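Coordinates in review
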Amino acid sequence: MGNKKRDINGPLIVVSNRLPFVLSKNSDGELVRKQSAGGLVTAVAPVVVECKGTWIGWSGSFDLKPGDPIPESDPEDKAPTAGLKSNQIIPVHIDKSEFEEFYNGCCNGTFWPLFHSMPDRANFVSKDWKTYCRVNDKFADCTLDALRNVIKTLDEAGNHDTVPLVWIHDYQLLTTATKIRQVCEEENLRCKLGFFLHIPFPSWDIMRLLPWDDQVLQGMLAYDFAAFHIEDYCLNFIDCCCRRLGCRVDRTNMLVELAGRTIQVKALPIGIPFERFVQLSEKAPTFLNMPDDVKVILGVDRLDYTKGLVHRILAFEKFLEKYPDFHEKVVLLQISVPSRTDVKEYKQLKDETELLIGRINGRFSKPNWSPIRYIYGCLSQEQLAALYRDCAVALVTPLRDGMNLVAKEFVACQIRTPGVLILSPFAGAGGTMHEALLVNPYELDEMANVLNRALKMPLDERELRMTQLRHREQLLDVNYWMTSFFSSMGALKDEDEGPPKTMQLRLDDFDMYLSNHIAGAGKLSLILDYDGTLTHLTSHPDLAIMSEETIKVLQRLTRMPDINIAIISGRTLDNVKSMVGIENITYAGSHGIEILHPDGTNFVHPVPRQYEQKIAGLQKLLVEEVCKEGAWVENKGVMLTYHYREAPPAKREHLERRAIEIFKNAGFEPHQGFLAIEGKPPITWDQGRASIYILRTTYGVDWSERVRVIYAGNEDAMLALQGIACTFRVDPSPMVQTAADFRLSGPDAVLTMLRWVEKEMHKRLPTLNRTMSNSRIQNTALVHSISSQMSIDQKEEEKEKMILLARRSKLTT
């Protein structure tokens with residue numbers, strides 16, 4: 001694999017929370033690089049050096065100010081990062097208060113416990129979340145600057161087809177890609193976006209506890225490719241996307257579709273630099289001097305509540321109770337690496353661990369033997385390699401762990417008489433290292449029994465298990481993992497990329513969404529928005545014309561006896577009626593302020609006169625202030641819409657902010673659309689209320705018992721129809737907060753849904769084809785009869801009651 005890992009087909013930009021080295025001040029007060037150990041750095045840094053790529057991350061130092069130069073590496077430095085020049089490094093600057101809220105608050109206070117399935121330890125603090133998003137945007141800005149420079153260099157060299165690869169790492173940067181994707185589309189910047197999560201991904205019942213789960217999931221779906229350690233985490237992620245965002249998913253091929261884009265998901269278990277650990281173990285002098293007849297049981301962990309230290313020590317106590325023959329013949333050596341020492345929970349864990357060890361040692365120690373030796377501190381990699389090599393058993397028993405590289409490092413260093421690996425099934429490594437002895441860390445008795453079995457295991461079984469473990473880890477090392485990632489991204493020179501995997505929306509997909517919803521012989525009401533739902537959004541409303549196929553399907557649906565269709569739009573009633581032009585449809589204009597039923601009955605929601613009088617002056621002010629460079633105002637009678645779709649992207653934010661200000665100052669409520677803002681009078685009426693009014697006046701007050709409703713459109717109606725209708729948010733944007741059941745990317749998807757409804761309802765026709773013509777004649781006569789009885793002075797309520805009676809008779813035929 002040696003050279004293959006460097007043969008990527010474009011410049012590489014790596015983005016991680018920390019840079020691949022630590023910056024600290026020397027005795028002269030100068031910033032110097034300090035080597036950062038770790039498999040990721042060891043594997044990826046040489047590739048960044050080779051392809052003259054870029055590494056973006058926080059320096060780890062608050063001393064480094066914006067504009068300060070990054071020091072070059074020491075000439076004597078032999079670390080993997082030594083060849084990384086300062087011009088290949090982009091530091092992200094985070095101040096102390098930001099760091100506290102971003103890292104300690106959100107990353108470690110919220111995501112760490114939640115993603116490790118320990119929600120009782122998670123804190124949900126809105127301020128920390130906002131800082132997290134702000135810091136992620138800082139990382140995005142640095143990445144975008146780097147991407148623009150890389151593309152400029154490529155284009156100047158004539159490499160217009162070369163696509164840069166952006167590889168973002170871990171839970172600290174879950175929303176970074178949101179802004180990157182948005183800006184890349186606005187500025188037409190080419191890149192491939194990939195993501196790897198180094199910790200577990202939780203199941204839906206845990207993830208749904210996060211108040212901002214939709215934004216996190218959408219941020220992760222802004223990538224082209226997202227990888228996790230094991231298949232369980234992939235399926236958890238896919239399930240969350242399906243259940244929370246209403247995404248279409250393909251669990252077999254691990255694909256997720258959002259807003260017309262397909263994201264590939266894959267399990268790529270990370271490896272270690274295997275040969276490096278072999279070399280370390282070959283050279284490392286003995287670190288722990290023990291009598292030949294004493295076996296060492298080794299635990300190496302960061303001091304963290306996910307690692308199961310307390311459970312492990314209690315299980316060892318249980319082992320000493322159950323198997324007294326091992327007294328004075330075994331020692332548990334527990335190395336605890338300090339972690340988050342300023343956090344109260346971690347201080348408590350340290351105190352609890354030390355008290356527990358003290359109690360057990362006090363209980364079992366003999367003059368020349370203590371059962372537990374405890375080291376709280378950091379050991380060098382050489383010292384660790386010696387311990388891995390010389391111990392008899394490695395206890396790797398986390399309560400939850402993304403992968404756990406200690407298990408793999410232990411195996412790599414087992415170059416002498418083989419020992420035994422005891423492993424928790426709740427570590428990612430538990431899913432691949434089959435020859436280890438798996439044990440549930442919560443089962444203390446069973447852990448004691450497994451430890452006994454490991455210490456008594458015969459040599460031939462130990463050799464067999466360790467040979468298999470070593471062979472796998474040697475083959476699937478960190479370079480293999482990295483190359484697999486690049487290969488999955490289509491970023492290797494010597495591999496044919498092949499067509500991108502996509503999920504085309506098919507008719508059958510709606511079986512999952514709607515089959516149960518419209519089952520039975522009840523009526524079906526289709527309520528549809530117009531712009532962006534039945535037609536594509538255009539630069540001018542007059543250009544938004546329905547396709548011939550959509551018109552034909554709607555016409556056929558209106559002729560079906562069990563279907564009623566309503567089209568509800570922000571346009572004026574006359575305008576939406578003329579744009580659609582189909583009979584037997586209920587039309588609602590101005591978001592339902594005006595409603596016209598097919599039989600001619602009309603409803604107009606009263607708008608306070610003062611707002612009608614303000615419209616002309618408000619329109620004039622908007623024209624003067626913000627109608628520049630392609631932006632314009634549309635007058636809809638009782639409301640105005642400010643369109644800025646044609647304005648240059650750089651000017652949009654300013655224009656949008658000022659337009660919202662003008663609407664608010666005039667007492668109108670600004671509602672954000674797709675590059676448009678609607679200013680509505682402050683009346684308690686929207687598409688949701690209007691939809692319920694349409695249902696009531698079409699079917700009667702008890703309509704919900706006999707009618708199934710499908711709504712497709714914008715967010716206004718979603719909350720009102722939640723639990724009442726099957727709702728589809730139609731939006732091309734991947735970043736949408738919605739109360740809808742499902743999402744559709746645009747009018748083409750809505751057309752597919754309408755064709756599915758037609759197909760399903762057509763199955764009913766042979767059994768329900770009753771004397772419809774006679775009943776329609778009777779109903780029409782009844783309406784005319786009631787209408788003729790009405791005096792011009794009748795109250796609106798009485799008129800509505802009589803219309804309801806007329807409409808209800810339709811349902812009894």
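Residues numbered from 1 in each chain as written. Predicted model: local features only at pLDDT ≥ 70, side-chain atom pairs only at ≥ 80, totals over all residues. Heavy atoms only, no water.

Per an unreviewed UniProt entry, the protein chain is named Alpha,alpha-trehalose-phosphate synthase [UDP-forming]-like isoform X3, and its organism is Sipha flava.

Our next topic: the pairing of strand E18 (residues 523-529). Of all seven residues making up E18, seven are buried, and the element is well covered by its neighbours. Alternating positions in E18 separate into two faces, Lys523, Ser525, Ile527 and Asp529 on one and Leu524, Leu526 and Leu528 on the other, with burial throughout. As judged from the six bridges shared by E18 and strand E27 (residues 707-713), these two strands associate in the parallel manner. When the bridges of E27 are listed, Leu528 appears paired with Ala712. As judged from the six bridges shared by E18 and strand E19 (residues 563-568), these two strands associate in the parallel manner. By the bridge assignment, Leu524 is partnered in E19 with Ile563. (Buried < 20%, exposed > 50% of the residue type's maximum accessible area, 1.4 Å probe, protein only. Helix = DSSP H or I, 4+ residues; strand = E, 2+ residues; numbered from the N terminus. Pairing = 2+ DSSP bridges.)

Inspection of the secondary structure puts Asn104 in helix H2 (residues 96-115). For the pair formed by Asn104 and Arg340, sequence separation is 236 residues and the distance between their alpha carbons is 8.5 Å. Setting aside residues up to four positions removed in sequence, Asn104 forms contacts with Phe99, Gly109 and Asp342. At 3.0 Å, the side chain of Asn104 and the side chain of Glu100 are in polar contact. (Contact = heavy atoms within 4.5 Å. Polar contact = N/O pair within 3.5 Å; in protein donor to acceptor, adjacent residues only side chain to side chain.)

Moving on, we get to the nonpolar core. The tendency in soluble globular proteins is for nonpolar side chains to be buried as a group. By size, the foremost hydrophobic cluster in this structure holds 180 residues, and its most contacted members are Phe111, Leu174, Phe201, Phe228, Phe319, Leu421 and Phe486. Counting residues per element, this core draws most heavily on helix H3 (residues 126-156), at 12 residues. By size, the runner-up hydrophobic cluster in this structure holds 45 residues, among which are Leu622, Phe668, Ile677 and Ala740. (Core = buried A, V, L, I, M, F, W, Y, C linked by side-chain atoms within 4.5 Å.)

Below, the discussion takes up the pairing of strand E28 (residues 726-730). In terms of burial, E28 is a largely internal element, five of the five residues being buried. Across the two faces of E28 the burial is the same, with Cys726, Phe728 and Val730 and Thr727 and Arg729 all buried. When E27 meets E28, the two strands line up parallel, connected through four bridges. Bridge pairing links Tyr711 to Thr727 in E28. The pairing of E28 with strand E29 (residues 742-744) spans three bridges and is classified as parallel. Bridging from a neighbouring strand, Val730 pairs with Leu744 of E29.

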